[in-house]
Amino acid sequence: MSTSGSLPDVLAPRSRAPGLLAVTVVLMVLPVFLPNAFYLDVAIRIAINAVLAITLNLLIGYTGQISLGHAGFVGLGAYGSAILTSRWDIHPGLALVVSAIAAGVLAWVIAGLILRFKGHYLAMATLGLGIIISIVITNETVWTGGPDGMSVGDFVMFGWQPSGERQWYWIFAALLVVTIVLAQNLVDSPAGRALQALHGSEVAARAMGIDTASFKTRVFVLSASYAAIIGSLSAHYLGFITPGIAAFPHSVELVTMVVVGGMASVWGAVFGAVLLSLLPQVLASFEGWETIAFGVILVVTMIFLPRGIVPSLAGLFRRPEG
Amino acid sequence: MLKVSHLSKSFGGVHAIEDVSFEIPRGGVYAVIGPNGAGKTTLFNLITGLYVPSAGSISLAGEEISGISSNILASRGLSRTFQNLQVCMNLSAVENVMVGAHLNLNSSLLAGMIRAPGLRQSDRACRMKAAELLTFVGCKKFVAADASAMPYGALKRLEIARALAMEPKLLLLDEPAAGLNHTETHEIEELIVRLAKSGITVVLVEHDMRLVMSISERILVLDHGKRLAEGTPDEIRINRDVIAAYLGSEVGET
Ligand SMILES: Nc1ncnc2c1ncn2[C@@H]1O[C@H](COP(=O)(O)OP(=O)(O)OP(=O)(O)O)[C@@H](O)[C@H]1O
Ligand SMILES: [Mg+2]
């Protein structure tokens, strides 16, 4: 059997270049069309949510492990950075790394405790964890400022101190593109296939030599640390954080983005983030209605497009096979 | 190759396997037969580490393996297919087969994310190999298909291709011909013969007696979890206990 040469056409994975190019171009020219800081801020929040939704989708959509506490890890990163930089005067870069590691270790411990059980224990555990984290943040007033929130100093990296929406926009835009590439790489790698295989059939995955518990743990740790890093950066960007960043509604929002946009789809997560981040802006004048709109969108997609918007639509456009 | 001694497994009050002993020699096809509920699948699940035995021992190439988890056993050259399909419907046909090669690839998450040097080449080679295996098992026309778009018969072969991607020494096939028509069964038969010829020891659970009798070197007959008989097809064919258990129907005819 020869395994050299190039892949026949039917085997070549669909090219990712067009999508990546499109999103890069959009991100590059977008600032030109955004008249003021308000719109840049909206764009930044969309990018942040998109990155978080992608990392959450690795867990939920690809590996089939539901997390209802993703915002808890975001909050851990945000408050970790805020507290370490302001109370201990630790360098923001180091604070970010320390917070990410702390989130990863916490995720690793949780996974170790619950992965021996089967079923939806991760959903329960992360639900509990998220709630505990936000209660701690709310109650430890001395450290966190409690419900009133706390201010966060500037970020510094390699002597550069980003300030203003415009500079932060480029940071988060770059982060989004990098995250899309990393996630797509992972999905199309041996590790990514192992994650998807254990979702598809856990017994088959194990029979093929995949240490399923280890993979579940590792992807959970990965998504938790990644969320913490985004939390740290968001905190520095926002300059002021409140416990809401770690709270349950924020977690639900992120899960909704994944489910509506598309399970097991990187673009789906991005689309879901764009849609559900814009929604509150569009509905801002109808105070209180956005929650209902969220619910309606979630229910409607789950009924009519159960795989999420992007995968369902993609499926419609490529079915001509014989 | 594989030695099973006094193996038992019970679920609550059900003795699915009771004091079963046998030995599978290296090479060739070894069949396990028995009426529905005899314990054949349970035996497979015990051998492949999905279940932990209640008693007894299993040794592979002289080493005790009972109680070792299935992913570790895979690295010792043990592979299998499933009676109730266990295909990953969220992956394409080729990707399913590539999963079978998991142990030969760099499966670090970080390496995957940054597409570490060498990963692209090894993955590409793995994809080619997977396509060849699909062709080998007779699924050439589904090489580019999503698993969820494939018919039942093709999925049965897909599972064989996936199991082969592991390059196993011992391959356990749980009813590979179930639900297949005449032609398909014949093709599977040829496939199994080719596998055995290539040096893989095949353990076959199958209800199709003609298939079992024509390709197996030895046969183990289970009934109600117990060993009823063991021997060559000719010995099994004339065994009174076996004929009685099958009420003289299938075995007697062929
Ligand atoms: N996980 C389980 N829990 C409880 N009982 C089980 C379990 N697995 C198998 N059994 C029982 O063990 C007995 C043997 O089942 P098994 O599936 O091994 O039979 P089989 O020989 O493969 O039958 P078939 O030809 O129908 O596939 C049956 O009575 C079954 O109900
Ligand atoms: Mg069975």
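Residues numbered from 1 in each chain as written. Chains lettered and ligands numbered in written order. Predicted model: local features only at pLDDT ≥ 70, side-chain atom pairs only at ≥ 80, totals over all residues. Heavy atoms only, no water.

**Q** Whenever I open this one, the pattern of salt bridges confuses me. Can you help?
**A** Here the idea is simple: oppositely charged side chains can pair when their charged atoms come close. Taken as a whole, this structure holds 14 salt bridges over all chains when the rule is applied. Where Arg127 of chain B meets Asp188 of chain A, a salt bridge forms, and the shortest distance between an N and an O atom there is 3.2 Å. Highlighted residues: Arg127 of chain B in helix α5 (residues 119–136) and Asp188 of chain A in the loop between α7 (164–187) and α8 (190–200), drawn from two different chains. Overall, the relative accessible area of 8% leaves Arg127 of chain B in the buried class. Across the salt bridge formed by Glu189 of chain B and Arg210 of chain B, the nearest N and O atoms sit 2.8 Å from each other. One end of the pair, Glu189 of chain B, is in helix α7 (residues 182–197); the other, Arg210 of chain B, is in helix α8 (residues 209–215), with 21 residues separating them in the sequence. What emerges from the salt-bridge pattern is a single network uniting Arg16 and Asp188 of chain A together with Arg115 and Arg127 of chain B. (Salt bridge = Lys/Arg side-chain N within 4 Å of Asp/Glu carboxyl O. Helix = DSSP H or I, 4+ residues; strand = E, 2+ residues; numbered from the N terminus. Buried < 20%, exposed > 50% of the residue type's maximum accessible area, 1.4 Å probe, protein only.)

**Q** Explanation requested: helix α2 (residues 37–62) of chain A in the structure shown.
**A** Along an α-helix, a turn takes 3.6 residues, which lines up residues three or four apart on a common side. Residue and element names in this part refer to chain A. With 26 residues, α2 extends 36 Å from end C-alpha to end C-alpha; this agrees with the ideal 38 Å at 1.5 Å per step. Largest kink in α2: about 40 degrees, centred on Leu56. Counted residue by residue, α2 has 22 buried out of 26 residues, so it is predominantly covered. Between a side-chain oxygen at the N-terminus of α2 and the backbone nitrogen of Phe38 the separation is 3.1 Å; the capping residue is Asn36. Immediately downstream of α2, the backbone of Gly64 shows phi near 75 degrees, a positive value. (Expected span 1.5 Å × (residues − 1). Bend = angle between axes of the 7 residues up to and from the residue. Polar contact = N/O pair within 3.5 Å; in protein donor to acceptor, adjacent residues only side chain to side chain.)

**Q** When you look at the nonpolar core in this model, what are you seeing that I'm missing?
**A** Nonpolar side chains tend toward joint burial in soluble globular proteins. Formed by 102 residues in total, the largest nonpolar core has its most connected members in Phe172 and Ile241 of chain A. Sort the elements by how many residues they give to this core and α2 of chain A lands first, with 15 residues. For Ile241 of chain A, the contacting residues outside a window of four places in its chain are Ala78, Tyr79, Ala82, Gly149, Met150, Val152 and Ala235 of chain A. Among the nonpolar cores identified, the runner-up in size contains 43 residues, and Ala131, Leu158, Leu164 and Ile188 of chain B belong to it. (Core = buried A, V, L, I, M, F, W, Y, C linked by side-chain atoms within 4.5 Å. Contact = heavy atoms within 4.5 Å.)

**Q** Please clarify how the pairing of strand β3 (residues 29–33) of chain B should be interpreted in this entry.
**A** Residues and elements named next belong to chain B. Burial analysis of β3 places five of its five residues in the buried class, which makes it a mostly covered element. Neither face of β3 is left uncovered, since the one carrying Val29, Ala31 and Ile33 and the one carrying Tyr30 and Val32 both have all their residues buried. Judged from the four bridges that link them, β3 and strand β8 (residues 201–205) form a sheet pairing that is parallel. Bridged to Val32 within β8 is Val205. In terms of strand pairing, β3 meets strand β9 (residues 218–223) through four bridges, oriented parallel. Looking at the pairing, Ile33 lines up with Val221 of β9. (Pairing = 2+ DSSP bridges.)

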